[in-house]
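# A look at the structure
As a plain string of letters, each chain reads:
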Amino acid sequence: MNKCKSALINSASKLDAITNSCGEITKLAALIIEDDSKEATVSLLKKISEVVDNQNYKIEIKHVAQLVNSNLIGYYGYTALQNICKPDIETLGDTRTLEELLDELNALVGLETVKAKVYELIAYQKVQKLRRENNLHSSKNTLHLAFTGNPGTGKTTVARIVGHIYKQIGLLSKGHFVEVSRTDLIAGYQGQTALKVKSVIEKSKGGVLFIDEAYSITENDHSDSYGRECLTELTKALEDYRDDLVVIVAGYTEPMDKFFESNPGLKSRFNTFIEFPDYSVEELDKILVSMCDNNDYVLDENAHEIIHDFLEDSLSKKDENFANGRLVRNLYDDLVMNHARRVVNIENPTIDDLSVITAIDFEVLS
């Protein structure tokens, strides 16, 4: 099973378990992979939407649903997925209020400088909108953003929230979120890349187009004619649809700098650059504790101490590929699985047995 298939099955199985779906979500993912079932694809997307829109589900569960969605896009490619879905499923609007969206932003661990920048953006855009409505001169600055930083620092999560916030304050007509990669934008032969980019732009209008690892578009330095064709079309769209489209590009800081140098005028289309810092040990601790709290698990004192030392050691050895929040999510998944392997052998387990993660559950990982 290749990487995309494994990622889809694993995330679907996790969503299945934490939503008590009795194997239904896992079965849909299996049908997609084994039978190329279009009906299962549409059904899985509807399941994802139901979880995301359900106010009774905690944020961590919704994040798993969004991960399944991302893995589904990774499996098919965004354009292929849209072709499967239309006209069976439409992008569902987000019904949360501005206050609820800001609460979600504030609930994110760390990222204080990022949050401050987002609040500045909101204030600025709200005032500019009010000035236009009152026939006062307003700035023509675009809404497009560039997020830079290492993996697992919350770039995709913040991008989604920003899209919904822009919808709530009247800057976007839909506020939906479209995530694409190089394969969704670049064709294998001359002349078709522009058509692919136009198709993605058309589907993104009214919402947010998120391009992670945007520098992969020009990954072959300046010899990639398809990449140049893509950037030419993208740069044009950034200007043409600036009133009802937000493009957010993201990736490692240094390659992103090169990306902006690869096309004249590209950088000028982006007014806001936000650097996402790596998490500290204390913040990684908080993320893990929050994940446990949201899913009715508790770390006992010994486990917490051992895991803190592990995170401290991981942080001291970090390189540019340090996974940040992803490291914690993977650790959480492993702890829960090891806890289950241990507790399943306990006859008549107590509430504490079922909820407390001990040092033993971590030692199995060592």
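Residues numbered from 1 in each chain as written. Predicted model: local features only at pLDDT ≥ 70, side-chain atom pairs only at ≥ 80, totals over all residues. Heavy atoms only, no water.

Per an unreviewed UniProt entry, the protein is named AAA family ATPase, and its organism is Anaerosalibacter bizertensis. UniProt annotates the protein under Sequence similarities (unreviewed entry) with the comment "Belongs to the CbxX/CfxQ family." (UniProt positions renumbered as here; feature names shortened; annotations may be inferred.)

When helices and strands are counted, the protein shows 17 helices and seven strands. By principal-axis analysis of the C-alpha atoms, the protein measures approximately 70 × 45 × 45 Å. In the protein, buried positions account for 48% of the 366 residues. Working note: accessible area of the protein is about 18200 Å², and carbon and sulfur atoms make up 50% of it. A distance of 9 Å separates the average location of the 40 positive side-chain charges in the protein from that of its 58 negative side-chain charges. (Helix = DSSP H or I, 4+ residues; strand = E, 2+ residues; numbered from the N terminus. Buried < 20%, exposed > 50% of the residue type's maximum accessible area, 1.4 Å probe, protein only. Areas by Shrake-Rupley, 256 points an atom, 1.4 Å probe, with all protein chains shown as cover. Lys, Arg positive; Asp, Glu negative; His and termini not counted. Charge placed at Lys NZ, Arg CZ, Asp CG, Glu CD.)

Assigned domains within the protein: domain 1 (3–85), domain 2 (98–276) and domain 3 (281–361). Averaged C-alpha coordinates put domain 1 and domain 3 at centres separated by 25 Å. Of the roughly 490 Å² buried between domain 1 and domain 3 on both sides combined, carbon and sulfur atoms contribute 43%. The three residues of domain 1 that bury the most area against domain 3 are Lys-14, Lys-58 and Glu-60, which together make up 88% of that side's buried surface. Here Lys-58 makes a salt bridge to Asp-296, at a shortest N to O gap of 3.8 Å. Taken together, the connections running from domain 1 to domain 3 amount to two residue pairs in polar contact (both at pLDDT 80 or more). Classifying every residue of the side of domain 1 that touches domain 3 by side-chain character gives one nonpolar, no polar and three charged. (Domains from an automatic or database assignment. Buried area = accessible area lost by both parts, 1.4 Å probe. Salt bridge = Lys/Arg side-chain N within 4 Å of Asp/Glu carboxyl O. Polar contact = N/O pair within 3.5 Å; in protein donor to acceptor, adjacent residues only side chain to side chain. Nonpolar A, V, L, I, M, F, W, Y, C, P; charged D, E, K, R; others polar.)

Now for helix 6 (residues 98–107). The complete set of buried residues in helix 6 reads Leu-101, Leu-102, Glu-104 and Leu-105. Buried residues of helix 6, seen end-on, are gathered within an arc of 155 degrees and therefore sit on one face of the element. (Arc of directions from axis to C-beta.)

In this section: a negative patch on the surface. Together, Glu-282, Glu-301, Glu-305, Asp-309 and Glu-312 make up a negatively charged patch on the protein surface. No other element matches helix 14 (residues 301–316), which puts four residues into the negative patch. Secondary-structure assignment places Glu-301 in helix 14. (Patch = residues over 30% accessible without salt bridge, like charges linked within 9 Å, V, L, I, M, F, W, Y side chains within 5 Å.)

Moving on, we come to unusual backbone geometry. One non-glycine residue with positive phi stands out, namely Asp-296, at about 60 degrees. Tracing the backbone through its elements, the reader meets Asp-296 in the loop between helix 13 (281–294) and strand 6 (298–299). When its relative accessible area of 57% is taken as the criterion, Asp-296 is described as exposed. Not every positive phi belongs to a glycine, and Asn-348 is a case in point at roughly 50 degrees. In this fold, Asn-348 is placed in the loop between helix 15 (325–343) and helix 16 (351–355).

Let us look at the nonpolar core. Among the nonpolar cores identified, the biggest contains 51 residues, and Phe-147, Val-158, Tyr-166 and Leu-288 are the most heavily contacted of them. Built from parts of two domains, this core gets at least three residues from each of domain 2 (98–276) and domain 3 (281–361). Dropping the residues within four chain positions of it, Leu-288 is found in contact with Leu-299, Ile-307, Val-328, Leu-331, Tyr-332 and Leu-335. Counting residues in each nonpolar core, the second largest holds 26 residues, with Ile-186, Val-197, Tyr-215 and Leu-266 among its members. (Core = buried A, V, L, I, M, F, W, Y, C linked by side-chain atoms within 4.5 Å. Contact = heavy atoms within 4.5 Å.)

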